[in-house]
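# Chain and residue survey
Spelled out, the chains give:
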Amino acid sequence: MNRFLRRLFTRPSTGSGMVDCVAVGKVLQRYLDGATDPETAALVSAHLDDCRRCGLEADTYRTIKAALATHRQPLPADAVQRLRDFGLQLAQTDGPNRRSI
Ligand SMILES: [Zn+2]
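Residues numbered from 1 in each chain as written. Predicted model: local features only at pLDDT ≥ 70, side-chain atom pairs only at ≥ 80, totals over all residues.

Across its full length, the protein holds five helices and zero strands. Listed by position from the N terminus, the elements making up the protein come as α-α-α-α-α. If you take every contact in the protein between residues at least 6 apart in sequence, the share linking residues at least 24 apart comes to 43%. (Helix = DSSP H or I, 4+ residues; strand = E, 2+ residues; numbered from the N terminus. Contact = placed C-beta atoms within 7 Å.)

Let us now look at the nonpolar core. The biggest cluster of nonpolar side chains holds nine residues, and these are Ala 23, Val 24, Val 27, Tyr 31, Leu 43, Val 44, Leu 48, Cys 54 and Ala 58. Looking at this core element by element, the count peaks at four residues for helix H2 (residues 21-32). (Core = buried A, V, L, I, M, F, W, Y, C linked by C-beta atoms within 7 Å. Buried ≥ 20, exposed ≤ 12 C-beta atoms within 10 Å, placed from the backbone.)

This paragraph deals with the confidence of the model for the protein. Considering every residue of the protein, the mean pLDDT works out to 80; 73% of them sit at 70 or more. Mean pLDDT in the protein bottoms out at helix H1 (residues 3-9), which sits at 63, and peaks at helix H3 (residues 38-50), which reaches 94. In the predicted structure, residues 12-17 sits below a pLDDT of 50 and forms three contacts with residues beyond four places in sequence or in another chain. (pLDDT = per-residue confidence, 0-100.)

This part is about H3. Compared with an ideal rise of 1.5 Å per residue, which puts 13 residues at 18 Å, H3 spans 18 Å between its outermost C-alpha atoms and is within 8% of the ideal. Three or more residues of H3 are buried, namely Thr 40, Leu 43, Val 44, His 47 and Leu 48. Down the axis of H3, the smallest arc covering the buried residues is 135 degrees, so these residues share one side. Turned more than 90 degrees off the buried face of H3, the exposed positions are Pro 38, Glu 39, Ala 46, Asp 49 and Asp 50. (Expected span 1.5 Å × (residues − 1). Arc of directions from axis to C-beta.)

What follows is the structure in structure tokens.
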């Protein structure tokens, strides 16, 4: 954890070692993406268990992320094939603009 985050997480107004909601809000997205270091992840996780407001916010993010993941359309097979053919065609030409499409 870098010094900036450490200072945010251990602000005197929240008591020593206590995690602050604002600090959690700043790293919540990265935490949910699994992009925080283990020390930060442990602090955020403990806070989400204790703090109803932040826990609900995390649940909302997770729900949105899951919804986006399930609505992601697979690429149409014919479009993928066209791109492959185009790439092969480019690779087989001697240079740019040698072949008409
Ligand atoms: Zn909180």
